[in-house]
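A structural walkthrough
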Amino acid sequence: MDDLFSDAARQLLSDQCTPHHVRTIEAGGSAQALWSFIEDAGFADALMPEAQDGAGLSLAQVFGVLELCGAFAVPVPLADTMLARALLAQAGAARPAGSLALAQGQPCEGGGLRCANVPLGVVADAVLVAAPSGWQVLPAAVAERSPAGFCLDAGLQWTAAQLAAAPRIDVRLPVGCDLRTLQAALYAAQLSGALMSVFQRTLQYANDRNQFGRPIGKFQAIQHQLSVMSEHVFAARMAAQLGCSGDGIGLQRLRVAVAKARASEAALAVAELSHSIHGAIGFTAEYDLQLYTRRLHAWRQAAGSESYWHSVAGACLVDQHAGLTLDLIRQTTDSLEAR
């Protein structure tokens, strides 16, 4: 089922989410056409129960689709919407039409609510917000918007009156998970896809670019850089698969910590090596590489950078595990043994 889903998603995104489409949306163009194709294909409902017209899949089974969100630099919140709709379904709440972003909210002056950074908040139709007072689905169009670090992210703020119009939702997260943990698993999967795209594009460039009468990929120094890139890319992919393993949308926090830490670490190294091999051309706006490396840098820090998740993993080892370190590693990675 996961292969069927990812194959279908790849075909759709190959046609409807080209670098040209991504640039158009990043420049302020409408994302509605792309979202309509995704919505009509049913990908946004993949994690919802079959009884509610979903596919009833788990995060592990839709890993390929999550990965493709990074591989194609998808400029709409497909990954967030899949998870948000699953959370709403578990809470018995109706899902709103359109795309959903996930964000943490904090009270602000006048009884309002502010989300400092909403991933893809510029193009999302609504936001499923986790706030101290409870969960709410809030429309993005009525919010006061402020810029964020990534061009399609945004800070969003709602007034007290707007909050009063939206009912509280009894969202219950999987045991042992908070919102950041769930978001980190999504980002690790998307980082995996973006890393692979950067590596493949860099490998192709090294084979096509000639210098001194032969492809630069024939030079030992470039081959060494490519080999280091491949180690990071494939290690990050294995870690991201580990982070998404589990039943339904239930995740183990330690596995997510390993996944996000490894993927974030790889993002920095792979972006640096890729631009080094490309030279100055890789930084230019008209060259496609920057569409992916900008996301590597943004997603590396989103939901916690590698240093944050290293601390989580370290605390688990020191405070929660009494046996050998090797035993903890085995327990954490055993879900990959059957792959």
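Presented here is an overview of the structure given in this document. (Residues numbered from 1 in each chain as written. Predicted model: local features only at pLDDT ≥ 70, side-chain atom pairs only at ≥ 80, totals over all residues. Heavy atoms only, no water.)

1. Concerning the sheet that holds strand E7 (residues 154-158)
Sheets are built from strands paired through backbone hydrogen bonds, the pairs being either parallel or antiparallel. The sheet built from four strands is open, its strands ordered E2-E3-E7-E6 with antiparallel pairing. Only two strands of the sheet have a single neighbouring strand rather than two, namely strand E2 (106-107) and strand E6 (144-147). Here E6 runs beside E7; their pairing, made up of four bridges, is antiparallel. When the bridges of E7 are listed, Glu144 appears paired with Gln157. (Pairing = 2+ DSSP bridges. Helix = DSSP H or I, 4+ residues; strand = E, 2+ residues; numbered from the N terminus.)

2. Points about the side chain of Gln136
Residue position: Gln136 is located in strand E5 (residues 134-139). Within polar-contact distance, the side chain of Gln136 engages the backbone oxygen of Ala166 at 2.7 Å. Setting aside chain neighbours within four positions, we find Gln136 in contact with Val127, Leu128, Val129, Leu163, Ala166, Pro167 and Arg168. (Polar contact = N/O pair within 3.5 Å; in protein donor to acceptor, adjacent residues only side chain to side chain. Contact = heavy atoms within 4.5 Å.)

3. As for the packing of aromatic side chains
Under the definition given, this model contains three aromatic pairs. Consider the rings of Phe5 and Phe43, whose centres lie 5.7 Å apart with planes at 80 degrees: the pair is edge-to-face. A residue pair is termed long-range when its members are at least 10 positions apart, and Phe5 in helix H1 (residues 2-16) and Phe43 in the loop between helix H3 (32-41) and helix H4 (63-71) qualify at 38 residues. The pair formed by Phe5 and Phe43 is uniform in burial state, with each residue classed as buried. (Phe/Tyr/Trp six-rings, centres within 6.5 Å; stacked < 30°, edge-to-face > 60°. Buried < 20%, exposed > 50% of the residue type's maximum accessible area, 1.4 Å probe, protein only.)

4. A closer look at H3
Residues of H3 that are buried include every one of Leu34, Trp35 and Ile38, and no others. Seen from one end, H3 has its buried residues packed into an arc of 95 degrees, which puts them on one side. Taken from the residues just after H3, Gly42 is the one with a positive phi, measuring 90 degrees. (Arc of directions from axis to C-beta.)

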